[in-house]
Amino acid sequence: MDPTITAAIIGGTSTLVATVLGAVVGRTKFVERIFQRSKYQRLIGTKWESIWHEDNVDGSTVEFKEVFEFTWQRTDKVGGTITSGHYPDMKWTIEGDYNERFLRLFWQPSDDSPNKYFLDYGCYFLERNGNGTFTGYAIGFSSETNRVEAHAHAVRKVT
């Protein structure tokens, strides 16, 4: 076979293979994950305490606390669980996104919650403050009152 034709076939095949591999690597963002430094704060493995207040029928105010535990993070997507000492038989899963300023999370009953039958769904919209805490609102369906409620939350890192 003519060496020019052999070189052309090898060159064409190499170009085709490089194009396909480049497209595959580009679509999986594998190289980006290896070489690019993440611009997002790592929330995975951290716990945060959220505090909010609710009014009683008698006009007094009650303070509630819950703990967010972030168990996974992929770039700007985060997820984990919520537990509360006020509701020891309930556990929620959270999933959302974080862009260094805003943390948006959806909550729902967890599959491994001790209470398998409660209904409590909603979302948080929190803004990061200069001191590393978050403030914002939780809006959702309450399993206790059977209605949609909104409460101001203050969230601080505990570990």
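What you see is a predicted model, and the numbers here were worked out from it, not measured in a lab. (Residues numbered from 1 in each chain as written. Predicted model: local features only at pLDDT ≥ 70, side-chain atom pairs only at ≥ 80, totals over all residues. Heavy atoms only, no water.)

Participant: Before we go on, may I ask you to explain the sheet that holds strand S8 (residues 148-157) in this structure?
Facilitator: Adjacent strands of a sheet pair through backbone hydrogen bonds, lying either parallel or antiparallel. Read once around its circumference, the closed barrel built from eight strands follows the order S1-S2-S3-S4-S5-S6-S7-S8, with strand pairing classed as antiparallel. Adjacent strand axes in the sheet meet at a mean angle of 30°, parallel and antiparallel pairs treated alike. Relative to strand S3 (residues 77-83), strand S2 (residues 61-74) is paired through seven bridges, and the arrangement is antiparallel. Across the sheet, residue Arg-74 finds its bridge partner in S3, namely Lys-77. (Pairing = 2+ DSSP bridges. Helix = DSSP H or I, 4+ residues; strand = E, 2+ residues; numbered from the N terminus. Axes fitted to C-alpha atoms, helices over the stretch in contact; angles between N-to-C directions.)

Participant: For this particular structure, what's the right way to read the pairing of S3?
Facilitator: If a strand is regular, its side chains alternate between the two faces of the sheet. Of all seven residues in S3, five are buried; the element is thus mostly enclosed. Alignment of S3 against strand S4 (residues 91-98), held across seven bridges, turns out to be antiparallel. By the bridge assignment for S4, Lys-77 is matched with Asp-97. (Buried < 20%, exposed > 50% of the residue type's maximum accessible area, 1.4 Å probe, protein only.)

Participant: So what exactly am I meant to see when it comes to the nonpolar core here?
Facilitator: Within soluble globular proteins, side chains that are nonpolar tend to cluster in buried spots. Among the nonpolar cores identified, the biggest contains 22 residues, and Phe-68, Phe-70, Leu-103, Leu-105 and Tyr-124 are the most heavily contacted of them. Elements represented by at least two residues in this core include exactly strand S1 (47-55), S2, S3, S4, strand S5 (102-109), strand S6 (121-128) and strand S7 (134-141). Look past the residues within four positions of Phe-68 in its chain and what remains in contact with it is Thr-46, Lys-47, Trp-48, Ser-50, Thr-81, Ile-82, Ile-94, Leu-105, Tyr-124 and Leu-126. (Core = buried A, V, L, I, M, F, W, Y, C linked by side-chain atoms within 4.5 Å. Contact = heavy atoms within 4.5 Å.)

Participant: What am I meant to see in the packing of aromatic side chains here?
Facilitator: Aromatic ring pairs are defined here through the distance separating the ring centres and the angle between the ring planes. Throughout the structure, instances matching the rule amount to 10 aromatic pairs. Here the aromatic rings of Phe-68 and Phe-70 are separated by 6.5 Å at their centres, their planes lie at 80°, and the arrangement is edge-to-face. You'll find Phe-68 and Phe-70 in the same group, each marked buried. With centroids separated by 6.5 Å and ring planes inclined at 85°, the aromatic side chains of Tyr-87 and Trp-92 adopt a geometry described as edge-to-face. Of the two residues, Tyr-87 and Trp-92, both sit in the buried class. Here the aromatic residues Trp-52, Phe-64, Tyr-87, Trp-92 and Phe-118 are joined through ring pairs into a cluster of three or more. (Phe/Tyr/Trp six-rings, centres within 6.5 Å; stacked < 30°, edge-to-face > 60°.)

Participant: Just checking my understanding: could you explain the side chain of His-153 for this structure?
Facilitator: Tracing the backbone through its elements, the reader meets His-153 in strand S8. The class for His-153 is buried, based on a relative accessible area of 6%. A distance of 2.6 Å separates the side chain of His-153 from the side chain of Ser-50, its partner in a polar contact. (Polar contact = N/O pair within 3.5 Å; in protein donor to acceptor, adjacent residues only side chain to side chain.)

Participant: Mind showing me how you'd approach unusual backbone geometry here?
Facilitator: With the exception of glycine, the majority of residues adopt a negative phi angle, and the majority of peptide bonds are in the trans configuration. Here Glu-100, not a glycine, exhibits a phi torsion of approximately 75°, which is positive. With a relative accessible area of 40%, Glu-100 lands in the partly exposed category. A positive phi angle, close to 55°, is found at Asn-146, a residue other than glycine. Mapped onto the fold, Asn-146 is located in the loop between S7 and S8.

Participant: So what exactly am I meant to see when it comes to the environment of Val-155 here?
Facilitator: One can find Val-155 in strand S8. Judged by relative accessible area, Val-155 falls into the buried class, the value being 3%. Sequence separation between Val-155 and Glu-49 is 106 residues; the distance between their C-alpha atoms is 5.5 Å. Discounting residues that sit within four places of it in the chain, Val-155 has contacts with Trp-48, Glu-49, Ser-50, Leu-126, Thr-133 and Phe-134.

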